[in-house]
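So you can see what is in the structure, the chains are spelled out below.
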Amino acid sequence: MKYLRLALCGLILLTASFAWAGRILPRDVQIVVLKNAEGQQVVLGTAKKAWLRTLSLGLINGNKTFQLSRAVRVHDANNRFITYNNLSRFKNSPIAVRFDRMNQIQEIWVLTDEEQNDLIRPNNPQVE
């Protein structure tokens, strides 16, 4: 009976460890800041300091509006799927986006604090 309990506890710990695995973002994502989200359109800005905005004293913000794909998938910081109607909750948050062939947003990830520190760097691709 004692060995059966140990085996059961070991099995539970082994299967629970898969839930601790972090998410892996694809290589073709672009790191941006979600400025606004209304319906099927989102406004994205750069995640790093834009030199054009600095030179124009904030008059030119460099934001661009993009259309969401009909089959868009949105992942929150806990890697759960949420509907695109809830994107307005993440206003001014860094996100990772992936575009399809028609330049529509196919997939969105809301970044965690650790991912922000790792991904927001000058050499990463960003929407500009």
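Heads up: the structure comes first, above all this text.
Residues numbered from 1 in each chain as written. Predicted model: local features only at pLDDT ≥ 70, side-chain atom pairs only at ≥ 80, totals over all residues. Heavy atoms only, no water.

## A look at the overall build of the protein
For clarity, the threshold we go by: A run of H or I in DSSP counts as a helix once it spans at least four residues, and a run of E counts as a strand once it spans at least two, with each numbered from the N terminus. Contact definition: two residues touch when any of their heavy atoms are within 4.5 Å. Computed with the Shrake-Rupley method and a 1.4 Å probe, the accessible areas treat only the protein chains shown as cover for residues.
Along its length, the protein carries 3 helices and 6 strands. Going residue by residue from the N terminus, the α and β elements of the protein occur as α-β-β-α-β-β-β-β-α. Long-range contacts, defined as pairs at least 24 residues apart, comprise 63% of the intrachain contacts of the protein with a sequence gap of at least 6. Looking at the protein as shown, the accessible area adds up to about 9,200 Å², and 55% of this sits on carbon and sulfur atoms.

## Some thoughts on the environment of Val42
Relative to the helices and strands, Val42 is located in strand 2 (residues 41-46). Along the primary structure Val42 and Gln67 are separated by 25 residues, whereas in three dimensions their C-alpha atoms are 6.5 Å apart.

## A few points about the nonpolar core
Put simply, the rule is: Grouping buried Ala, Val, Leu, Ile, Met, Phe, Trp, Tyr and Cys residues that are joined through side-chain atoms within 4.5 Å yields what is termed a nonpolar core. Buried residues are those whose accessible area, probed at 1.4 Å on protein chains only, stays under 20% of the maximum for their type, while exposed residues exceed 50% and partly exposed ones sit between those limits.
Counting 18 residues, the largest nonpolar core has Val42, Leu44, Ile105 and Ile108 as the members making the most contacts within it. Of all the secondary structure elements, the ones that give two or more residues to this core are strand 1 (30-38), strand 2, strand 3 (64-75), strand 5 (94-99) and strand 6 (105-110). Per element, the largest residue contribution to this core is 4 residues, and it comes from strand 3. Apart from the residues lying within four places of it in its own chain, the contact partners of Leu44 are Val32, Val33, Leu34, Lys35, Gly62, Asn63, Lys64, Phe66, Ile95, Val97, Phe99 and Ile105. In terms of nonpolar packing, the next biggest core, distinct from the first, is built from 6 residues, Leu25, Val29, Ile31 and Leu111 among them.

## Some details on the environment of His75
For His75, the location among the structural elements is in strand 3. It is 4.7 Å that separates the C-alpha atoms of His75 and Trp109, two residues lying 34 residues apart in sequence. Sequence-distant contacts of His75, defined by excluding residues within four places in its chain, comprise Arg23, Arg80, Phe81, Glu107, Ile108, Trp109 and Val110.

## Re the pairing of strand 3
Applicable threshold: In short, DSSP must find at least two bridges between two strands for them to pair.
Summarising the sheet, strand 2 and strand 3 pair through 4 bridges and their orientation is antiparallel. Bridge pairing in strand 3 places Gln41 opposite Gln67. As judged from the 4 bridges shared by strand 3 and strand 6, these two strands associate in the parallel manner. Across the sheet, the residue bridging to Leu68 is Ile105, located in strand 6. Summarising the sheet, strand 3 and strand 4 (residues 81-82) pair through 2 bridges and their orientation is antiparallel. The residue of strand 4 that forms the bridge with Val74 is Ile82. Where strand 3 hands over to strand 4, the hairpin turn is made up of 5 residues, of which Asn79 adopts a positive phi near 65°.

## Examining the packing of aromatic side chains
Rule in force here: The criterion for an aromatic pair is that two Phe, Tyr or Trp rings (for Trp, the six-membered ring) have centres within 6.5 Å, with stacked assigned to planes under 30 degrees apart, edge-to-face to planes over 60 apart and tilted to the rest.
Tallied over the full model, the rule gives 1 aromatic pair. Aromatic pair Phe66 and Phe99: ring centres 5.0 Å apart, planes at 55°, arrangement tilted. A residue pair is termed long-range when its members are at least 10 positions apart, and Phe66 in strand 3 and Phe99 in strand 5 qualify at 33 residues. Accessibility expressed as a relative area gives 10% for Phe66, which makes it buried. A residue is classified by how much of its surface remains accessible, and Phe99, at 17% relative accessible area, is buried.

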